[in-house]
Amino acid sequence: MKLSFEEAVFGVEKTITFNRVESCEKCKGTGAKNGREYTTCPDCRGAGRVRYQQNTMFGTTIRESACPKCSGTGKIIKEKCEECAGKGYKKLSAQVKVKVPAGIDDGQTIRMRGEGNAPAGNASGVSGDLNIKISVAEHKIFKRVGTELMFDLYVPFTTCLLGGKVEIPLTKGKMSLDIKEGTQSGTVMRLKGKGVKVLNKDSFGDMLVTIKSEPPKNLSKKARELLKEIEATFDENDYPRTKEFSNKMKSI
């Protein structure tokens, strides 16, 4: 089942159509005409299984297998059902409503009990399960890892230097993020509870925002002169990481 990013985050209900094996209603799954035109297998006495005893030099061994006379059904059909040609089942198109829980992730599987194939070959028992593998489309901004959401937030370098407020997206709506003065490029800000809902739990993951400082692509002559004036007001102690790296270079 293909889901959008939002459908996986918030949950959704969808109706799917697929083919499955269903018990023939006309013969009630027996494969016999009118559901009555059969007798009990004389070899296995309706059990569908037979036991074989074999004597060897090491002793007596007993093994059990499906009855070859009735193919493990326990029945001998006298006249076949016209609807299913004696199979006891048919392949039909089915529709099922699927409730996708909020927080489901790409690659996970939803199992629906009893919505799979009916027992084939005139066998008794319950229907199998329907297993639905989930495929979630990527988001334009967010990258999801488990219940955490991550994205890179590019801001003008002046915002990192001077600080400021930036509007960022959430899974639902937006919020204002406060970037403090002197924030380094690459700083990761963790927003508690702003991620994806934990599957089948009343809790949420976090959102991790990585701040990326972006310099201007082009500088005018006036801007360059102003920046040089500003640069002259700083010394090496204002750039501790640069200073540390320079000292390491000197020792090489």
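Residues numbered from 1 in each chain as written. Predicted model: local features only at pLDDT ≥ 70, side-chain atom pairs only at ≥ 80, totals over all residues. Heavy atoms only, no water.

Engineer: Please provide a residue-by-residue account of the pattern of salt bridges, values included.
Structural biologist: What the rule picks out here adds up to 14 salt bridges. Glu-7 is the salt-bridge partner of Lys-14, the closest N and O atoms lying 3.3 Å from each other. With its nearest N and O atoms 2.9 Å apart, the salt bridge here joins Glu-83 to Lys-90. Glu-83 sits in the partly exposed class, given a relative accessible area of 41%. For Lys-90, a relative accessible area of 24% translates into the label partly exposed. Ionic contacts of the salt-bridge type, sharing partners, join the residues Glu-148, Arg-190, Lys-192 and Asp-206 into one network. (Salt bridge = Lys/Arg side-chain N within 4 Å of Asp/Glu carboxyl O. Buried < 20%, exposed > 50% of the residue type's maximum accessible area, 1.4 Å probe, protein only.)

Engineer: Tell me about the sheet that holds strand 16 (residues 207-214), and please be specific about residues and values.
Structural biologist: Read from one edge of the open sheet, 4 strands run 11-12-16-15, paired in mixed fashion. The open sheet has two edge strands, strand 11 (143-145) and strand 15 (188-191), and neither has a second partner. Each strand axis lies, on average, 30° off the axis of its neighbour in the sheet, ignoring direction. The sheet contact formed by strand 15 and strand 16 spans 4 bridges and is antiparallel. (Pairing = 2+ DSSP bridges. Helix = DSSP H or I, 4+ residues; strand = E, 2+ residues; numbered from the N terminus. Axes fitted to C-alpha atoms, helices over the stretch in contact; angles between N-to-C directions.)

Engineer: Explain the state of the cysteines to me, using residue names and the numbers behind them.
Structural biologist: Tallied over the full model, the rule gives 0 disulfides. Cys-84 takes part in no disulfide bond, and the closest cysteine sulfur to it belongs to Cys-27, at a distance of 3.7 Å. With a relative accessible area of 5%, Cys-84 lands in the buried category. (Disulfide = S-S within 2.5 Å.)

Engineer: Lay out the environment of Ile-179 with the relevant residues and their values.
Structural biologist: Along the chain, Ile-179 turns up in strand 14 (residues 174-179). Through-space distance from the C-alpha of Ile-179 to that of Lys-33 is 78 Å; in sequence the pair is 146 residues apart. Excluding residues within four positions of it along the chain, Ile-179 makes contact with Leu-153, Val-155, Thr-159, Gly-163, Gly-164, Val-166 and Ile-211. (Contact = heavy atoms within 4.5 Å.)

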